[in-house]
Amino acid sequence: AQSVAQPEDQVNVAEGNPLTVKCTYSVSGNPYLFWYVQYPNRGLQFLLKYITGDNLVKGSYGFEAEFNKSQTSFHLKKPSALVSDSALYFCAVRDIFQAAGNKLTFGGGTRVLVKP
Amino acid sequence: GAVVSQHPSRVICKSGTSVKIECRSLDFQATTMFWYRQFPKQSLMLMATSNEGSKATYEQGVEKDKFLINHASLTLSTLTVTSAHPEDSSFYICSARGDRGEETQYFGPGTRLLVL
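Rules used throughout
Residues numbered from 1 in each chain as written. Chains lettered and ligands numbered in written order. Predicted model: local features only at pLDDT ≥ 70, side-chain atom pairs only at ≥ 80, totals over all residues. Heavy atoms only, no water. Contact = heavy atoms within 4.5 Å. Buried area = accessible area lost by both parts, 1.4 Å probe. Salt bridge = Lys/Arg side-chain N within 4 Å of Asp/Glu carboxyl O. Polar contact = N/O pair within 3.5 Å; in protein donor to acceptor, adjacent residues only side chain to side chain. Helix = DSSP H or I, 4+ residues; strand = E, 2+ residues; numbered from the N terminus. Nonpolar A, V, L, I, M, F, W, Y, C, P; charged D, E, K, R; others polar. Core = buried A, V, L, I, M, F, W, Y, C linked by side-chain atoms within 4.5 Å. Buried < 20%, exposed > 50% of the residue type's maximum accessible area, 1.4 Å probe, protein only. 1 Å grid on protein atoms, 1.4 Å probe; cavity = no way out; pocket = protein on both sides within 12 Å on 5 of 7 lines; lining within 4 Å. Points joined across faces, edges and corners; volume = space filled by probe spheres on them. Disulfide = S-S within 2.5 Å.

Let's talk about the interface of chain A and chain B
The figure often quoted for interface size is the accessible area lost as the parts come together.
Link 1 in the chain: In this complex, chain A contributes 20 residues to the contact, which on the side of chain B involves 23 residues.
Link 2 in the chain: Carbon and sulfur atoms make up 50% of the surface buried where chain A meets chain B, a total of about 1600 Å² over both sides.
Link 3 in the chain: Along the contact surface separating chain A from chain B lie one salt bridge.
Link 4 in the chain: A salt bridge links Glu-59 of chain B to Lys-103 of chain A; its shortest N-O distance comes to 3.0 Å.
Link 5 in the chain: At the junction of chain A with chain B, the criterion picks out six residue pairs in polar contact (both at pLDDT 80 or more).
Link 6 in the chain: Among the secondary structure elements, those contributing two or more residues to the side of chain A that touches chain B are β5 (31-38), β6 (44-50) and β10 (87-95) of chain A.
Link 7 in the chain: A total of four residues in the side of chain A that touches chain B trace back to one element, the largest contributor, which is β5 of chain A.
Link 8 in the chain: Of the residues contributing to the side of chain A that touches chain B, the split by class is ten nonpolar, six polar and four charged.

Below, the structure is given as structure tokens:
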């Protein structure tokens, strides 16, 4: 079975400071990892993904994430947060060797609040 | 690219009526579409996976006779909530994955259903 943990329900950060949103995962095979952002009453917007290759992945809006296989983590980072980054962030994993390999499993979400 | 639309964005209906929600991939062909349900301040719960031209695969605990899914074309999937009750009130989100080995799921903006 595959699972995702986002240990922080909420992260508060001052505008201009670095932002980190944590994510750890568990799969039986190799993971495909994703980050999505959700604004109020909206669907999810794709930020970035790790499939293979370079462990540091760069995505939309200045976000990046680092795949760490030994720590089974895929933390999302942004060097300088903006107030407009305030939203709900979801980490998701897909186990490519799982029989039902289509499915994404989502973490519980982390609310980010960037204060001016 | 990779735009997914949902219609309607918001619907209010009386208990006992049926509601149809459409999910369209606007600029790509989606061999697989997914339907999720999201409760307030919670993560996404996968309801079912639909592949074009075949029956949907429902997750455990999801009533297939209550949540009818049709994926009649490569750009359209519909979810019909039959005989809706107040407990069906929720935020329903669809996603679509392309047909070129694309690993990313792209999400629609969601449909807020309120059953009175």
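Anyway, onward from the coordinates.
What about the nonpolar core?
Link 1 in the chain: One finds Leu-19, Trp-35, Leu-47, Leu-48, Phe-74, Leu-76 and Tyr-89 of chain A to be the most contacted residues of the largest nonpolar core, which totals 27 residues.
Link 2 in the chain: For this core, the secondary-structure elements that each account for two or more residues are β2 (10-14), β3 (19-21), β5, β6, β8 (64-68), β9 (73-78), β10 and β12 (110-115) of chain A.
Link 3 in the chain: Ranked by the residues each element gives to this core, the list is headed by β10 of chain A, at four residues.
Link 4 in the chain: Counting 25 residues, the second largest nonpolar core, distinct from the first, contains Val-11, Ala-30, Met-33 and Leu-79 of chain B.

Some thoughts on the layout of surface pockets
Residue and element names in this part refer to chain A.
Link 1 in the chain: Taken as a whole, the largest pocket spans an internal volume of roughly 280 Å³.
Link 2 in the chain: Lining the largest pocket are 16 residues, with Gln-38, Pro-40, Asn-41, Leu-88 and Arg-111 positioned closest to its centre.
Link 3 in the chain: Partitioning the lining of the largest pocket into residue classes produces seven nonpolar, five polar and four charged.

Observations concerning unusual backbone geometry
All names here are of chain B.
Link 1 in the chain: In this structure, Pro-8 follows His-7 across a cis peptide bond, with omega equal to 0°.
Link 2 in the chain: Note that Pro-8 resides in the loop between β1 (4-7) and β2 (10-13).
Link 3 in the chain: Residues other than glycine seldom take positive phi values, yet Ser-83 does so here, at roughly 45°.
Link 4 in the chain: By the element assignment, Ser-83 lies in the loop between β8 (76-81) and β9 (90-98).

Section: the state of the cysteines
Link 1 in the chain: Scanning the entire structure with this criterion turns up two disulfides over all chains.
Link 2 in the chain: Each sulfur of the disulfide joining Cys-23 of chain A and Cys-91 of chain A lies 2.0 Å from the other. Judged by the sign of its S-S torsion, about -60°, the bond between Cys-23 of chain A and Cys-91 of chain A is left-handed. On the criterion of sequence distance, the pair formed by Cys-23 of chain A in the loop between β3 and β4 (24-26) and Cys-91 of chain A in strand β10 is long-range, its members being 68 residues apart.
Link 3 in the chain: Through a disulfide, Cys-23 of chain B is tied to Cys-94 of chain B; the S-S separation comes to 2.0 Å. Across the S-S bond linking Cys-23 of chain B and Cys-94 of chain B, the dihedral sits near 80°, which makes this disulfide right-handed. One end of the pair, Cys-23 of chain B, is in strand β3 (residues 19-25); the other, Cys-94 of chain B, is in strand β9, with 71 residues separating them in the sequence.
Link 4 in the chain: Judged by its relative accessible area of 0%, Cys-23 of chain B falls in the buried class.

A few points about the environment of Phe-67 of chain A
All names here are of chain A.
Link 1 in the chain: Here Phe-67 lies in strand β8.
Link 2 in the chain: For the pair Phe-67 and Lys-49, spaced 18 residues apart in sequence, the C-alpha separation works out to 9.7 Å.
Link 3 in the chain: Ignoring sequence-local partners within four residues, the contact set of Phe-67 consists of Tyr-25, Pro-31, Leu-33, Tyr-50, Asn-55, Ser-73 and Phe-74.

So, the environment of Asn-41 of chain A
Link 1 in the chain: Mapped onto the elements, Asn-41 of chain A comes out in the loop between β5 and β6.
Link 2 in the chain: What Asn-41 of chain A contacts, discounting residues up to four positions off in sequence, is Phe-91, Pro-109 and Arg-112 of chain B.

Any functional reading would require information that these geometric values do not contain.
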